[in-house]
Amino acid sequence: MSVKAMKSGAVEFLTKPFQDQDLLDAIRQALDRDRVARQQRSNLAELRKRYDKLTAREREVMGLVVSGMLNKQIAFDLGTSEITVKIHRGHVMRKMQAGSLADLVRMAAKLELSPGKK
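Report on the accompanying structure.

Thresholds, definitions, all that
- Residue indices follow the written sequence of each chain, beginning from 1 at its first position.
- With pLDDT at 70 or above as the cut-off, local features in this predicted model cover only qualifying residues; side-chain atom pairs require 80 or more to be listed or tallied, and sums for whole chains, interfaces and linings still use all residues.
- Calculation of side-chain values draws on the structure's entire complement of heavy atoms; hydrogens and water are dropped beforehand.
- Side-chain atoms within 4.5 Å link the members of a nonpolar core, which is a set of buried Ala, Val, Leu, Ile, Met, Phe, Trp, Tyr and Cys residues.
- A simple rule labels every residue: compare its accessible area, found with a 1.4 Å probe on the protein chains alone, to the largest value its type can have, and call it buried under 20%, exposed over 50%, or partly exposed in between.
- The secondary structure listing takes helices from DSSP runs of H or I that are at least 4 residues long and strands from runs of E that are at least 2 residues long, numbered from the N terminus.
- We call two residues contacting when some pair of their heavy atoms lies within 4.5 Å.
- Angular values range over 0 to 180 degrees, each being the angle between N-to-C directions of two axes fitted as lines to C-alpha atoms, with helices fitted over their stretch in contact.
- Roughly parallel means an angle under 35 degrees; roughly antiparallel, over 145; roughly perpendicular, 65 to 115; everything else is oblique.
- Polar here means any residue other than Ala, Val, Leu, Ile, Met, Phe, Trp, Tyr, Cys and Pro, which are nonpolar, and Asp, Glu, Lys and Arg, which are charged; Gly is therefore polar.

1. Concerning the nonpolar core
Alright, step 1. Grouped together as the largest cluster of nonpolar side chains are 22 residues, with contacts concentrated most on Tyr51, Met62, Ile74, Met96 and Leu104.
Alright, step 2. For this core, the elements supplying multiple residues, two or more each, are α2 (20–52), α3 (56–66), α4 (71–78), α5 (82–96) and α6 (101–110).
Alright, step 3. The greatest single-element share of this core, amounting to five residues, is contributed by α3.
Alright, step 4. If sequence neighbours within four positions are ignored, Met96 has contacts with Leu47, Arg50, Tyr51, Leu54, Met62, Leu104, Met107 and Leu111.

2. Some points on the packing of α3 against α6
Axis angle and axis distance: for two packed helices, these are the angle between their axes and the distance between the axes, and together they describe the pair.
Alright, step 1. Contact pair α3 / α6: the axes reach a minimum separation of 10 Å and the direction vectors enclose 105°. When the axes of α3 and α6 are compared, the pair comes out roughly perpendicular. Residues Met62, Val65 and Val66 of α3 touch α6, and the partners they reach there are Leu101, Leu104, Val105 and Ala108.
Alright, step 2. Grouping the constituent residues of the contact of α3 with α6 by class yields seven nonpolar, no polar and no charged.

These results come straight from atomic positions and should not be treated as a statement about function.
The structure is reproduced here in structure tokens:
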């Protein structure tokens, strides 16, 4: 029964008789887990909003940038100039509020973007 309860999402399985403190600790642990889960969902929703504000071309550039391609390679693939790619890349970094390429890669991973996604 305890295994079934845990698989169904129980935080703790208390057997009778139990101490009041054990129940309070289990409740506190459940509330902490819920708070963390809600914060993660909120962060992901905010990240999704930022991503949705990107233009189609910026999304395309973002996917290629996080896949590890150089600006020159992206420009060749998209049939545009390297300067244009740099401009789009700058817009992506600003709109996504990424402080570095590593931040942008982490964001893409959280959004579950496939490498090179257009």
